Protein chains: 2
Amino acid sequence: MADASNPHRPVPSHLSNLVIDTLISHVSVRDYKEDPLPEGILEALTTAAQSASTSSNLQMCSIVVVTDADKKEQISQLCDGQRHVAQAPLFLVFCPDLYRLEQVCRRQNLPFADRYMEMFIQATVDAALCAQNVAVAAESLGLGICMIGSIRNHIKDVAKLLGLPPRTYPLVGMTIGYPAKKNPTKPRLPREVILHQETYDTSGLEEGLDAYDEIMAETGIYRGRHVESEAAANRKERRLYGWCEHTARRMSKPHPKRRDMFDSLKQLGWEYD
Amino acid sequence: MADASNPHRPVPSHLSNLVIDTLISHVSVRDYKEDPLPEGILEALTTAAQSASTSSNLQMCSIVVVTDADKKEQISQLCDGQRHVAQAPLFLVFCPDLYRLEQVCRRQNLPFADRYMEMFIQATVDAALCAQNVAVAAESLGLGICMIGSIRNHIKDVAKLLGLPPRTYPLVGMTIGYPAKKNPTKPRLPREVILHQETYDTSGLEEGLDAYDEIMAETGIYRGRHVESEAAANRKERRLYGWCEHTARRMSKPHPKRRDMFDSLKQLGWEYD
């Protein structure tokens with residue numbers, strides 16, 4: 001699992017340890033063995049999830065466990081037909097949850113008044129922090145994971161299938177199982193591009209993007225996976241197909257399945273302003 | 001650091017390992033030693049951050065490093081005067097970032113069209129996942145951390161102070177340093193309350209809340225920290241002051257400093273629908 005000498009994920013050797021080695025060895029796994037998971041895995045992963053920081057100890061995350069084959073198949077269909085959703089022995093759905101807080105208010109006979117954009121953010125962050133801890137815990141046990149954002153492609157259908165109450169939503173899914181195949185770790189943007197000293201600084205951006213483009217083009221990762229883009233087709237000039245081109249083409253049109261997220265979440269009971 | 005026998009954070013012993021022990025030992029640290037951090041710490045923490053999952057490899061997180069004493073003091077003032085923000089040797093600000101993607105589109109001569117609610121969520125989750133990995137990496141090195149949500153109390157002022165460009169925002173701050181004082185781990189909601197098998201299930205909610213109320217009241221954590229609430233003052237009946245009462249009182253009024261988050265983020269260049 002640990003790969004202290006990973007050139008894509010540099011860590012000074014005197015700061016290397018087993019925990020950091022686990023973090024930097026993360027890759028998304030999309031092909032799983034049928035092997036059952038160890039007994040007690042849900043207890044371990046849930047405790048890891050609950051150990052993450054949470055805004056004001058409000059604990060605004062619920063986790064739905066899906067192991068039923070039919071249900072995994074249905075969810076897989078709702079997630080762009082991603083096979084690993086049906087294939088992985090365990091599928092978790094992390095849900096920001098204000099419904100529980102509303103119930104707590106009702107129970108205490110107090111109004112539920114704090115429910116605007118800030119609480120959407122708090123609940124979403126709570127759920128994301130839980131998900132990351134689960135990912136780390138699972139990987140430390142030799143399991144592979146893949147976060148599934150396409151759980152939001154048909155967000156209302158997934159909410160219905162999982163019986164989610166109002167003021168919750170499926171933020172991210174996670175496939176978990178023993179890896180049948182594991183890709184090498186993916187290079188990330190040069191550190192200087194994302195790290196800013198004292199104030200946000202774009203002076204290294206262009207150089208960083210050039211360097212990353214070369215690195216990513218060389219991995220061959222985009223071979224046969226070019227994003228279709230009308231705007232790109234209409235351009236005269238030829239471009240290196242690296243991270244910048246791949247990313248810009250993705251961003252050149254609204255997400256085909258998630259353009260209406262604002263309204264969909266409203267229909268799921270979320271309030272903004 | 002590791003506490004395999006922590007009764008608040010149960011993990012089956014055959015699944016216990018150093019990584020999981022680190023995760024379940026998390027406590028927020030609000031009092032730091034002056035000791036300098038190890039050389040290379042930023043490299044290690046940034047690599048940990050960048051190793052987290054990221055939607056479509058879009059890497060929508062930027063991190064602003066604050067070590068300047070004056071600046072930490074200013075930020076501390078903007079964060080409800082929380083002393084540990086000024087005191088900790090290192091303060092990081094995790095920023096969801098669509099600005100960079102906009103620049104990438106411009107660079108590739110393509111329109112930046114995918115920028116609605118879904119992208120707000122993706123960027124926010126990316127930043128949260130990075131933050132959690134940094135927390136885990138720091139704690140594995142014997143450092144303490146505290147996530148600072150009050151960085152959003154005066155979100156536009158913080159954005160200005162950090163020179164953040166449009167389509168970014170300060171999601172969460174993080175104090176990092178060697179702990180001068182460390183509290184015991186905080187009990188969390190019973191597992192059954194947050195974990196749902198196949199579908200969301202509220203059947204164990206009341207019992208779980210009762211149990212948690214007792215546990216939290218017993219910790220004495222709310223002593224001298226009762227939340228003022230007009231609605232609670234107007235109620236006739238007496239209530240146990242546990243997690244439910246503390247939480248319901250918090251939720252009984254909109255957040256005093258973050259009621260306008262929706263509009264503030266709009267002014268920072270975020271688009272929703």
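For every chain, the first residue of the written sequence is number 1, and numbering continues from 1 along that sequence. Note on labels: chains are lettered from A, ligands numbered from 1, in written order. Since the coordinates come from a predicted model, pLDDT governs what is reported: local features require at least 70, and pairs of side-chain atoms require 80 or more to be given and counted, while whole-chain, interface and lining totals use all residues. Water and hydrogen atoms were dropped before computing side-chain values, which therefore reflect all heavy atoms in the structure.

Asker: Looking at this structure, how should I read the interface of chain A and chain B?
Answerer: When the parts come together, some accessible area is lost, and that loss is often what is quoted as the size of the interface. We call two residues in contact whenever any of their non-hydrogen atoms come within 4.5 Å of each other. Tallying the contact residues gives 131 residues for chain A and 132 residues for chain B. Salt bridge criterion: a side-chain nitrogen from Lys or Arg within 4 Å of a carboxyl oxygen from Asp or Glu. Where chain A touches chain B, the interface holds 10 salt bridges. Across the salt bridge formed by Asp 213 of chain A and Arg 107 of chain B, the nearest N and O atoms sit 3.6 Å from each other. Per-element accounting of the side of chain A that touches chain B gives the leading share, 15 residues, to helix α6 (residues 117-140) of chain A. A per-class count over the side of chain A that touches chain B returns 69 nonpolar, 34 polar and 28 charged. When DSSP locates at least two bridges between a pair of strands, those strands are taken to pair. The secondary structure listing takes helices from DSSP runs of H or I that are at least 4 residues long and strands from runs of E that are at least 2 residues long, numbered from the N terminus. Relative to strand β1 (residues 61-66) of chain B, strand β5 (residues 195-197) of chain A runs parallel, the two sharing three bridges. Each residue of the ladder has a partner; that of Leu 195 of chain A, found in β1 of chain B, is Ile 63 of chain B. Residue polarity follows a fixed list, in which Ala, Val, Leu, Ile, Met, Phe, Trp, Tyr, Cys and Pro are nonpolar, Asp, Glu, Lys and Arg are charged, and the others, Gly among them, are polar.

Asker: Looking at this structure, how should I read the side chain of Ser 264 of chain B?
Answerer: Looking at where Ser 264 of chain B falls in the secondary structure, it is placed in helix α12 (residues 261-267). Setting aside residues no more than four positions away along its own chain, Ser 264 of chain B makes contact with Ile 155 and Lys 156 of chain B.

Asker: I keep staring at the sheet that holds strand β2 (residues 90-96) of chain A and nothing clicks. Help me out?
Answerer: One key point about sheets: their strands pair by backbone hydrogen bonds, in either a parallel or an antiparallel sense. Strand order in the open sheet formed by five strands is β3(A)-β4(A)-β2(A)-β1(A)-β5(B), with mixed pairing between adjacent strands. On the outer flanks of this sheet lie β3 (144-148) of chain A together with β5 (195-197) of chain B, each paired with one strand and no other. Between one strand and the next, the sheet's axes are offset by a mean angle of 25°, whatever the strand orientation. In the sheet, β3 of chain A pairs with strand β4 (residues 172-177) of chain A via five bridges, with the strands oriented antiparallel. A fitted line through C-alpha atoms serves as each axis, taken over the contacting stretch for helices, and the angle formed by two N-to-C directions is quoted from 0 to 180°.

Asker: Please explain a positive patch on the surface as it appears in this structure.
Answerer: Residue and element names in this part refer to chain A. A patch is a set of surface residues, each over 30% in relative accessible area and not in a salt bridge, joined within 9 Å for like charges and within 5 Å for the nonpolar side chains Val, Leu, Ile, Met, Phe, Trp and Tyr. In these tables, accessible area is a Shrake-Rupley quantity obtained with a 1.4 Å probe, and a residue counts as shielded only by the protein chains included in the view. His is not counted, nor are the chain ends, whereas Lys and Arg count as positive and Asp and Glu as negative. By convention, the point assigned to a charge is CZ for Arg, NZ for Lys, CD for Glu and CG for Asp. Residues Arg 30, Lys 186, Arg 225 and Arg 250 make up a contiguous surface patch of positive charge. Looking at where Arg 250 falls in the secondary structure, it is placed in helix α11 (residues 243-251). Remark: exposure states derive from per-residue accessible area (1.4 Å probe, protein chains only) relative to the maximum for the residue type, with buried under 20%, exposed over 50%, and partly exposed in between. Judged by its relative accessible area of 33%, Arg 250 is partly exposed.

Asker: Help me understand the nonpolar core in this model?
Answerer: Nonpolar side chains in soluble globular proteins generally cluster together in the buried interior. As used here, the term nonpolar core means buried Ala, Val, Leu, Ile, Met, Phe, Trp, Tyr and Cys residues forming a set that is joined through side-chain atoms within 4.5 Å. Counting 197 residues, the largest nonpolar core has Met 117, Ile 176 and Leu 265 of chain A together with Met 117, Ile 176 and Leu 265 of chain B as its most contacted members. Excluding residues that lie within four positions of it along the chain, Leu 265 of chain A makes contacts with Phe 120, Ile 155, Tyr 169, Trp 270 and Tyr 272 of chain A together with Met 117 and Ile 121 of chain B.

Asker: I would appreciate a short explanation of α11 of chain A in the present structure.
Answerer: Residue pairs spaced three or four apart in an α-helix point in one direction, given the helix's 3.6 residues per turn. Most of α11 of chain A is tucked away: eight of the nine residues are buried. Of all the residues in α11 of chain A, the buried ones are Trp 243, Cys 244, Glu 245, His 246, Thr 247, Ala 248, Arg 249 and Met 251 of chain A. As for α11 of chain A, its buried residues are in contact with α9 (205-219) and α10 (230-233) of chain A together with α5 (99-107) and α6 (117-140) of chain B.

Asker: Hey, could you run me through the pairing of β2 of chain A in this one?
Answerer: Regular strands place their side chains on alternate faces of the sheet. All names here are of chain A. For β2, the buried fraction is high: seven of the seven residues fall into the buried class. Neither face of β2 is open: one carries Leu 90, Leu 92, Phe 94 and Pro 96, the other Phe 91, Val 93 and Cys 95, and all of them are buried. Inspection of the sheet shows strand β1 (residues 61-66) paired to β2 by six bridges, in the antiparallel sense. Its bridge partner being in β2, Val 65 is matched across the sheet by Leu 92. Here five bridges tie β2 to β4, and the two strands are oriented antiparallel to one another. The residue of β4 that forms the bridge with Phe 91 is Thr 175.

Read these as layout, nothing more, since geometry by itself doesn't imply function.
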